[in-house]
Amino acid sequence: MSLVEKRSVTIRGHRTSYSLEKPFYDDLLAISAARDMTLAALVAEVDAQRPREANLSSALRLFVLEQAKRGTS
């Protein structure tokens, strides 16, 4: 059993993938639900805001960490 799971998503018509550990993925799902948006929409939002030199998986982890530090969803 892998600690990291790879998932696919379509962002602005482009298929891409990201890999996250289950706790990060679970928190990402919770954040999207709290914001009343789809997971794909939240991933697209994070993707649009990340520096181009950062990969999507890292950007998602940092986003979840930032939300946890703020105590927000």
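Residues numbered from 1 in each chain as written. Predicted model: local features only at pLDDT ≥ 70, side-chain atom pairs only at ≥ 80, totals over all residues. Heavy atoms only, no water.

Chemist: Help me out: how do you make sense of the environment of Ser19 in this one?
Modeler: With respect to the secondary-structure elements, Ser19 resides in strand E2 (residues 14-21). On the accessibility criterion, Ser19 (22% relative accessible area) is partly exposed. Along the sequence, Ser19 and Leu56 sit 37 residues apart, while their C-alpha atoms lie 8.5 Å from each other. Ser19 has contacts with Val4, Glu5, Lys6, Ser57 and Arg61, leaving out every residue within four places of it along the chain. (Helix = DSSP H or I, 4+ residues; strand = E, 2+ residues; numbered from the N terminus. Buried < 20%, exposed > 50% of the residue type's maximum accessible area, 1.4 Å probe, protein only. Contact = heavy atoms within 4.5 Å.)

Chemist: How should the pairing of E2 be read in this particular structure?
Modeler: Each regular strand shows side chains that alternate between the opposite faces of the sheet. With eight bridges joining them, strand E1 (residues 4-11) and E2 adopt antiparallel strand pairing. Looking at the pairing, Val9 lines up with Thr16 of E2. Here E1 folds back onto E2 in antiparallel fashion, the turn holding two residues, of which Arg12 has a positive phi close to 50°. (Pairing = 2+ DSSP bridges.)

Chemist: Explain the side chain of Ser57 to me, please; I cannot follow it from the model alone.
Modeler: Relative to the helices and strands, Ser57 resides in helix H3 (residues 56-70). Taking relative accessible area as the criterion, Ser57 reaches 13% and is therefore assigned buried.

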